[in-house]
Amino acid sequence: MATTLTRIGLAGLAVMGQNLALNIAEKGFPISVYNRSSSKVDETVERAKKEGDLPLYGFHDPESFVLSIQKPRVIIMLVKAGAPVDDTIKTLSVYLEKGDCIIDGGNEWYENTERREKAMTELGFLYLGMGVSGGEEGARNGPSMMPGGSFEAYKNIEDILVKVAAQVDSGPCVTYIGKGGSGNFVKMVHNGIEYGDMQLIAEAYDVLKSVGKLSNEELHQVFSEWNKGELLSFLVEITADIFKIKDDKADGHLVDKVLDKTGMKGTGKWTVQQAAELSIAAPTIAASLDSRFLSGLKEERVLAAKVFQSSGIGEILTDQAVVDKQKLIDDVRQALYASKICSYAQGMNLIRAKSEEKDWGLKLGELARIWKGGCIIRAIFLDRIKQAYDRNADLANLLVDPEFAGEVVDRQAAWRRVVCLAINAGISTPGMSTSLAYFDTYRRERLPANLVQAQRDYFGAHTYERTDIPGSFHTEWFKLAKQSKI
Ligand code: 6PG
């Protein structure tokens, strides 16, 4: 029990909550913790003792928990998004006083945060929706945090957040994101980008394994090597690690025993829904989502494989007996990097579109900066993205930043080779292929969209614009076609 009041409270002691509470205590901020089931409280207090007698105090009832925190009180909630957040607010707010603040640190839908902020403001409370990324390890040792909502609330805990966040050369991985649900929105897009990164890495793995016939040991080597260069990132690093792990229940490597079905909690789906809502093309992220849907159809895929095998189509269509492994590895690295640029460009453009719609004034370069450490998509490459937006805050697309444009051009031949090779081998690389298509669509001055627009005008009199004369036009295509001789 704390003899004096603590600086901050945290409610919800599942994995993320427990680790974030310990991190806050370790940075020297006395913290009160509470959980509905008291065993988690005891577990956290026990850990705090073991991990260095940290100033963390457990409470088994909400009233004494809230009253143990100094005013204006700040309480971080780390509970499941949706109804549990509303329930926790209800439980705690009974004991709160005007000026106190609640922070939701979960992966919440941004509109829920806006609704709650409004309701809390009417009661005289402050509210923040704060994306927290980095998983268990990040929460314990330094996550990337994306707080949005009341600026006053942010200022009340800024000193804590900057110490608790991951630290990189350009500072702590936290910043005030903006008003309303912007913190949750940015975290949502972070997760969409995370889906894209993971899919692209999985495709690189598939091509190297299925066409290049690389063993797990070789894959470990390749990903370890990649992690020393332009692809240096948390996800590439853990991928290299995964290939090292032997199965403890049978022979071989564990990765080969993991069922090929990807789960999800929904933030990637929200990202794609928002992209559609805002008319922002996000095909790489959408491909990663579709791949998760298709992976879930395991039983159907097993049957389909049988159907096509009996029609003569095996797993791999061409037998690449003579593949130049080194060349393939180098090509795949380049294809992965170029695709990644497209994916981040899509995510950033989605954030910008939402920021414009909601008047949030989000700074894309600053977001790239706080993703440099702590979070799941942390990567050396984010520094380059930050620099691109520093050079030009109004950059229409990362692809046209002179540095990224140069890099994509340098890699496009390898990128095309990998996609063609995969297509011919019957290996689906939806993320890499659609990224390439995104690039090829975006870079062309003239697209076949003229024909689609003509079709629309033909059957629906939707009108069209001309390339040479301003205005809106309609043509009686059907009538003219009937009269026309050719
Ligand atoms: C993070 C992660 C984290 C979590 C996602 C995974 O930034 O720390 O994104 O939020 O791992 O929920 O999402 P899926 O379960 O949808 O893959």
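This one's a predicted model, so the numbers in the text were calculated from it and none came from an experiment.

Conventions we followed
- Residues numbered from 1 in each chain as written.
- Predicted model: local features only at pLDDT ≥ 70, side-chain atom pairs only at ≥ 80, totals over all residues.
- Heavy atoms only, no water.
- Axes fitted to C-alpha atoms, helices over the stretch in contact; angles between N-to-C directions.
- Helix = DSSP H or I, 4+ residues; strand = E, 2+ residues; numbered from the N terminus.
- Parallel < 35°, antiparallel > 145°, perpendicular 65-115°, else oblique.
- Contact = heavy atoms within 4.5 Å.
- Near = heavy atom within 4 Å.
- Polar contact = N/O pair within 3.5 Å; in protein donor to acceptor, adjacent residues only side chain to side chain.
- Areas by Shrake-Rupley, 256 points an atom, 1.4 Å probe, with all protein chains shown as cover.
- Nonpolar A, V, L, I, M, F, W, Y, C, P; charged D, E, K, R; others polar.
- Pairing = 2+ DSSP bridges.
- Patch = residues over 30% accessible without salt bridge, like charges linked within 9 Å, V, L, I, M, F, W, Y side chains within 5 Å.
- Salt bridge = Lys/Arg side-chain N within 4 Å of Asp/Glu carboxyl O.
- Buried < 20%, exposed > 50% of the residue type's maximum accessible area, 1.4 Å probe, protein only.
- Left-handed = near helix turned anticlockwise from the far one by under 90°.
- Phe/Tyr/Trp six-rings, centres within 6.5 Å; stacked < 30°, edge-to-face > 60°.
- Lys NZ or Arg CZ within 6 Å of the ring centre and 35° of its normal.
- Right-handed = clockwise from strand over helix to strand, strands pointing away.

Angle between the axes and distance between the axes: these two values describe a pair of packed helices. Put simply, helix α8 (residues 182-211) and helix α18 (residues 430-442) touch, their axes get as near as 8 Å, and they point 110° apart. Regarding the angle of α8 to α18, the classification is roughly perpendicular. Between α8, through Gln199, Leu200, Glu203 and Ala204, and α18, the contact on the second element is made entirely by Pro430, Gly431, Met432 and Ser435.

Let us look at the site of the ligand. The immediate surroundings of the ligand are formed by 14 residues, with Ser133, Glu194, Tyr195, Lys265 and Arg292 found nearest. Here an oxygen atom of the ligand and a backbone polar atom of glycine 135 are 3.3 Å apart. Relative to its free-state accessible area of 410 Å², the ligand is covered by the protein chains to the extent of 80%. It is α8 that contributes the most residues to the shell around the ligand, five residues altogether. Residues that form the shell around the ligand fall into these classes: three nonpolar, seven polar and four charged.

Spatially, seven strands are ordered β3-β2-β1-β4-β5-β6-β7 in an open sheet, and the strand pairing comes out mixed. Because the sheet does not close on itself, it has two edges, and the strands there are β3 (56-59) and β7 (144-149). The sheet shows a mean angle of 25° between the axes of neighbouring strands, direction not considered. Pairing analysis gives four bridges linking strand β2 (residues 31-34) to β3, with the strands arranged parallel. Bridge assignment links tyrosine 34 to a residue of β3, and that residue is phenylalanine 59. Contacting β2 and β3, helix α2 (residues 38-50) crosses the sheet at an angle of about 165° to β3. Strands in contact with helix α5 (residues 110-122) are β5 (101-104), β6 (126-133) and β7; relative to β6, the strand with the most contacts, it is inclined by about 150°.

A contiguous nonpolar surface patch, about 370 Å² in accessible area, is contributed by Val307, Phe308, Ile313 and Leu317. Here isoleucine 313 shows up in the loop between α13 (298-310) and α14 (325-358). Take isoleucine 313: its relative accessible area is 42%, and that puts it in the partly exposed class.

For the pair helix α1 (residues 15-26) and α2, interaxial distance at closest approach is 10 Å and the crossing angle is 35°. α1 and α2 meet at a crossing whose hand is right-handed. Contacts between α1 and α2 involve Gln18, Asn19 and Leu22 on the former and, on the latter, Lys40, Glu43, Thr44, Arg47 and Ala48. Residues belonging to the contact of α1 with α2 are distributed by class as follows: two nonpolar, three polar and three charged.

With that out of the way, let us pick up the packing of aromatic side chains. If you walk through the whole model with that rule in mind, you get 19 aromatic pairs. Members of the aromatic cluster, joined through ring pairs, are Trp109, Tyr110, Phe185, Trp270 and Trp360. Stacked on the ring of tyrosine 195, the Lys or Arg arginine 292 has its end atom at 3.5 Å from the ring centre. Lying across the ring of phenylalanine 439, arginine 443 places its NZ or CZ 5.7 Å from the centre.

Before going further, it helps to examine the pattern of salt bridges. Note on pairing: side chains with opposite charge can pair once their charged atoms come close. Enumeration according to the criterion identifies 40 salt bridges in this entry. Here arginine 391 ties to glutamate 403 by a salt bridge, and the two come within 3.7 Å at their closest N and O atoms. Note that arginine 391 is positioned in helix α16 (residues 381-391) and glutamate 403 in helix α17 (residues 402-425), a separation of twelve residues in sequence. Residue class for glutamate 403 comes out partly exposed when judged on its relative accessible area of 36%. Here aspartate 440 and arginine 443 are joined by a salt bridge, their closest N and O atoms 2.8 Å apart. We classify arginine 443 as partly exposed; its relative accessible area is 47%.

A word on the pairing of β2. Covered by surrounding structure in β2 are Ile31 and Val33 together with Ser32 and Tyr34, the residues of both alternating faces. Of the pairings in the sheet, the one linking strand β1 (residues 8-11) to β2 comprises four bridges and is parallel in character. Across the sheet, leucine 10 pairs through a bridge with valine 33, a residue of β2. In this region the chain leaves β1, passes through α1 and returns to the parallel neighbour β2; the handedness of that crossover is right-handed.

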